[in-house]
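# Coordinates in review
Residue-level listing of the chains:
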Amino acid sequence: MEEASPPLRCFRESHSSELFSDDGVQTVTSKEQRKVERSIQEVYSVYQQIHTSPQPALLREQHYHYLKKGLRHLSDAYECLDASRPWLCYWILHSLELLEEPVPAAVASDVCQFLARCQSPTGGFGGGPGQHAHLAPTYAAVNALCILGTEEAYKVINREKLLDFLYSVKQPDGSFVMHVGGEVDVRSAYCAASVASLTNIITPTLFDGTHNWILSCQNWEGGLGGVPGLEAHGGYTFCGTAALVILGKEHMLDLKALLRWVTSKQMRFEGGFQGRCNKLVDGCYSFWQAGLLPLLHRALFKEGDSTLSESSWMFEREALQEYILLCCQNPGGGLLDKPGKSRDFYHTCYCLSGLSVAQHFGNKDLHNELILGRDENRLAPTHPVYNICPEKVAQAIEHFHQLPVPVQTGPTPSAMDQS
Amino acid sequence: MPYQFYKLLFNVLVFYFRDRKEWADLEPVPQDDGPNPVVKIAYSEKFTDVFDMFRALLQNDEKSERAFALTTEAIDLNAANYTVWHYRRVLLQALDKDLREEMKYITAIIEDQPKNYQVWHHRRMVVEWLNDPSEELQFVAEILSQDAKNYHAWQHRQWVMQEYKLWDGELEYVEELLEEDVRNNSAWNQRHFVINHTSGYSDSSILDREVQYTLKQIKKAPHNESAWNYLNGILQDGGLSSFPGLLEQVTELQDTCSSPYLTAFLVDLYEDALETNSSSYDQQEMFNKALELCKFLAEEKDTIRREYWNYVSRSLQNTYGSGDPVSASSDPPPPPSSSQLPDMEPSDP
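Calculation notes
Residues numbered from 1 in each chain as written. Chains lettered and ligands numbered in written order. Predicted model: local features only at pLDDT ≥ 70, side-chain atom pairs only at ≥ 80, totals over all residues. Heavy atoms only, no water. Helix = DSSP H or I, 4+ residues; strand = E, 2+ residues; numbered from the N terminus. Buried < 20%, exposed > 50% of the residue type's maximum accessible area, 1.4 Å probe, protein only. Contact = heavy atoms within 4.5 Å. Areas by Shrake-Rupley, 256 points an atom, 1.4 Å probe, with all protein chains shown as cover. Rg over C-alpha atoms; globule rule 2.2 N^0.38 Å. Lys, Arg positive; Asp, Glu negative; His and termini not counted. Charge placed at Lys NZ, Arg CZ, Asp CG, Glu CD. Buried area = accessible area lost by both parts, 1.4 Å probe. Salt bridge = Lys/Arg side-chain N within 4 Å of Asp/Glu carboxyl O. Polar contact = N/O pair within 3.5 Å; in protein donor to acceptor, adjacent residues only side chain to side chain. Nonpolar A, V, L, I, M, F, W, Y, C, P; charged D, E, K, R; others polar. Pairing = 2+ DSSP bridges. Expected span 1.5 Å × (residues − 1). Arc of directions from axis to C-beta. Axes fitted to C-alpha atoms, helices over the stretch in contact; angles between N-to-C directions. Left-handed = near helix turned anticlockwise from the far one by under 90°. Phe/Tyr/Trp six-rings, centres within 6.5 Å; stacked < 30°, edge-to-face > 60°.

Tallying secondary structure elements over chain B gives 16 helices and 1 strand in all. When burial is assessed residue by residue, chain B has 54% of its 349 residues classed as buried. Expressed as a percentage of contacts within chain B between residues at least 6 apart in sequence, the contacts between residues at least 24 apart total 61%. Summing over all exposed atoms, chain B offers an accessible surface of approximately 16800 Å²; the carbon and sulfur share of this is 49%.

Here it is as structure tokens:
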């Protein structure tokens, strides 16, 4: 019987040959992997039974209502994210912008006022009003404000104090601690580079040594670990690579080794990405891992590579879209890690961001769209460095570049008090 | 729902700080969320009570036993609140608290919440203050016995080893873990970490040992990507095609141990032979075989990576091919212009 629409990759006869081979040697790793594959097979078979002609649908309405509600109210299950409320703002606002759902002006203003209360008097943003500044909520707050993109939003950021904060967490070896008295890892370099570049506060010395420190995080696997010596990991690899792109030093990575590592993180059966070798697929890596391909494409292009594809990023775009649409959506709204897991705003943000990366190749001049399922599944494109929409990046940069780079007024970088 | 009922019951039994006489002098400070809050969390009574009191202490910069006790409560409610952890550390020093007791405390907290950043950082601070790493390797091994890939645990372990130069016995520990699960990529990484920081890989007897060890693991489980990646990783510097007898050993495996990883490894080896223009190999044969395998991977054995293998193929043809310049489309490639680049740099026009 002929199918009207082309069969989905996961429904092809040959797809079961992609199941994990354990070579008759069972270990915790192989058992966990097979469990996940079975649950995915279950999802596929249920889907095939319900839909004769599979046209995966993005549950826009449901996601919109989940996001709209969350922007105002969250249950006490979110007490564990009480030190990450700017993140909640960013995850939700970015998801809404990908869905091309407008944020009412009153809500936007309320977000601005809330984030202003999260800003520390000594610069940077904390996880909530009165909390100490930390690079992660700082990154999230600045991104959220740039998504809003109003004068009010831009004005929330105290650029002079932000620069002081960045200097206060800068380490002599080029790395950054996440907060005063806090831990070092490559996320901090990305958060610092992101906010500093968007708000135009990069001074000649701010990122001294940073690129070398990030480069030392690339390991024998080709990806990057959180600190030098650690296992290559998708989240940290994204942070390190994107930071280097901002600093203009991405060519100093072993790009071939990195490309080999990240492409091998796409799961042959599930279609989604794992965060580390021999670990499980997770919807959030749809962005952290797949999002590396646009960065690498550009980096290789800048190196003079003439053999790059002119139509696609170097990963299986359809397979990733299938994974997200079939396996990562909660019917009541929101997206998730894998079947069986609960929805949350973090996974909603990064599954949608990954879906956008998979759908859109190129930039405003050279654009190739591959939308799996209905046209209505189309999301807005996202900027692969900042993960907010490209127009918002351009608008923010334009705004802040009209302002002078502040002069550093706080203490000079030193090994900060380690309490 | 049982959970909701339990929480309701538990809250009724709580003696709020705001009602305790030892706290009567301190006015709780409510959170300043503003008139129209966003992302407003429906905190429980207990949560609000504890954090209102915490804000009061912070505001007054109070350094007391009761403040210390309150941080314990606050951490219990949200172990990710780094502001509370920071304050606890200030108090540990200001009140000259027993750090051995603190070690016991942090041990219990990590056992309960091993995937939290703050708890591991706190432990690191206490270990540094005590200048005593003597419990660390055993503790981390305990955590790893429950989750052999816990990233924070491995990070802590590497920090302890480097800071206090505790390298002895680690290779043995890694081998134990690989015995249990040869697919534990964290253990493979640790293997690389230990050797890198001790003997290094430049000694040929070490490299030989590692190659043989890895091939042995590959034979046991040819579809174990970690082992193949390790083999590739340790031979990068010297060059895959320069290691004597490796090509033979790997092609021998093809009958019994074929996997996409073996095929990919051969591509890497052939590519290395081409790159180094090695006289040990017939360059044309290397080129042809590499392209053949890329096609095989792209079209049959590793189709999820089709785009990647086609790119490798085009790159090889472009660099080593004798024919016309290759591009991804049938038309000759246009000269690169900046408009073709995804807009990324802030400084791009």
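For chain A, the helix and strand inventory stands at 16 helices and 3 strands. For a compact globule of 419 residues, the expected C-alpha radius of gyration is about 22 Å, and chain A comes in at 21 Å, within 12% of that figure. Oriented by its inertia axes, the alpha-carbon framework of chain A measures out at about 70 × 50 × 45 Å. Counting only residues that meet the buried cut, chain A has 66% of its 419 residues in that class. A separation of at least 24 residues holds for 70% of the contacts in chain A among residues at least 6 apart in sequence. When the accessible area of chain A is evaluated, it comes to approximately 14300 Å², of which 54% is carbon and sulfur surface. Within chain A, one finds 34 positive and 46 negative side-chain charges whose respective centroids are separated by 2 Å.

Contacts between the two partners involve 90 residues from chain B, matched on the other side by 110 residues from chain A. When chain B packs against chain A, the two sides together hide about 8500 Å² of surface, and 51% of this comes from carbon and sulfur. For the interface between chain B and chain A, the tally reads 6 salt bridges. At the junction of chain B with chain A, the criterion picks out 53 residue pairs in polar contact (both at pLDDT 80 or more). The dominant element in the side of chain B that touches chain A, judged by the number of residues it contributes, is helix α16 (residues 306–320) of chain B, at 8 residues. The residue inventory of the side of chain B that touches chain A, partitioned by class, reads 38 nonpolar, 31 polar and 21 charged. Two elements, strand β1 (residues 73–74) of chain A and strand β1 (residues 40–41) of chain B, share 2 bridges in a ladder whose sense is parallel. Of the residues in β1 of chain B, the one forming a bridge with Leu-74 of chain A is Ile-41 of chain B.

Turning our attention to helix α15 (residues 283–301) of chain B. Residues and elements named next belong to chain B. For α15, built from 19 residues, the straight-helix expectation of 27 Å at 1.5 Å per residue is met to within 8% by its first-to-last C-alpha distance of 25 Å. If you check which residues of α15 are buried, you get Met-286, Phe-287, Ala-290, Leu-291, Leu-293, Cys-294, Leu-297 and Ala-298. Projected down its long axis, α15 shows its buried positions confined to an angular sector of 165°, all on one face. Facing away from the buried surface of α15 by more than 90 degrees, the exposed residues are Glu-292, Lys-295, Glu-299 and Glu-300. Packed against the buried residues of α15 are α14 (260–275) and α16.

Okay, the pattern of salt bridges next. Following the criterion strictly, the structure yields 41 salt bridges over all chains and no others. Ionic pairing is found between Glu-136 of chain B and Arg-123 of chain B, a salt bridge with its closest N-O pair at 2.6 Å. Residue Glu-136 of chain B is found in helix α7 (residues 136–146), and its partner Arg-123 of chain B is found in helix α6 (residues 117–130); the two are separated by 13 residues along the sequence. Accessibility assignment for this pair places Glu-136 of chain B and Arg-123 of chain B in one class, buried. The partner of Glu-210 of chain B in a salt bridge is Arg-191 of chain B, and the shortest N-O contact between them spans 2.6 Å. Linking Glu-210 of chain B in helix α11 (residues 204–220) with Arg-191 of chain B in helix α10 (residues 185–197), this pair joins segments that are 19 residues apart in sequence. Arg-191 of chain B sits in the buried class, given a relative accessible area of 1%. One connected set of salt bridges, linked through shared partners, spans Arg-9, Glu-18, Arg-268 and Glu-316 of chain A together with Asp-302, Arg-305, Arg-306 and Glu-307 of chain B.

The next point concerns the packing of helix α8 (residues 186–198) of chain A against helix α10 (residues 234–247) of chain A. All names here are of chain A. Two elements in contact, α8 and α10, have axes whose closest approach is 8 Å; the angle formed by their N-to-C orientations is 35°. In terms of crossing hand, the pair formed by α8 and α10 is left-handed. Where α8 abuts α10, its residues Val-186, Arg-187, Ala-189, Tyr-190, Ala-193, Ser-194 and Ser-197 lie against Tyr-236, Phe-238, Cys-239, Gly-240, Ala-242, Ala-243 and Ile-246. Here the residues of the contact of α8 with α10 are counted per class, giving 10 nonpolar, 3 polar and 1 charged.

Further remarks concern the packing of aromatic side chains. A complete count under the given rule lists 36 aromatic pairs over all chains for this structure. Measuring from ring centre to ring centre gives 6.1 Å for Tyr-90 of chain A and Tyr-139 of chain A, while their planes differ by 70°; the resulting arrangement is edge-to-face. A residue pair is termed long-range when its members are at least 10 positions apart, and Tyr-90 of chain A in helix α3 (residues 85–98) and Tyr-139 of chain A in helix α5 (residues 135–148) qualify at 49 residues. Ring centres of Trp-159 of chain B and Tyr-164 of chain B lie 5.9 Å apart, and the angle between their planes is 85°; this geometry places the pair in the edge-to-face category. A relative accessible area of 10% means that Trp-159 of chain B is categorised as buried. Ring pairs connect the aromatic residues Trp-87, Tyr-90, Trp-91, Tyr-139, Tyr-190, Phe-238, Phe-287, Trp-288, Tyr-346 and Tyr-350 of chain A, which therefore count as one cluster.

All names here are of chain B. For Arg-55, the position within the fold is in helix α2 (residues 45–60). Taking the relative accessible area as the measure of exposure, Arg-55 reaches 18% and is therefore buried. Excluding residues that lie within four positions of it along the chain, Arg-55 makes contacts with Val-29, Pro-30 and Gln-31.

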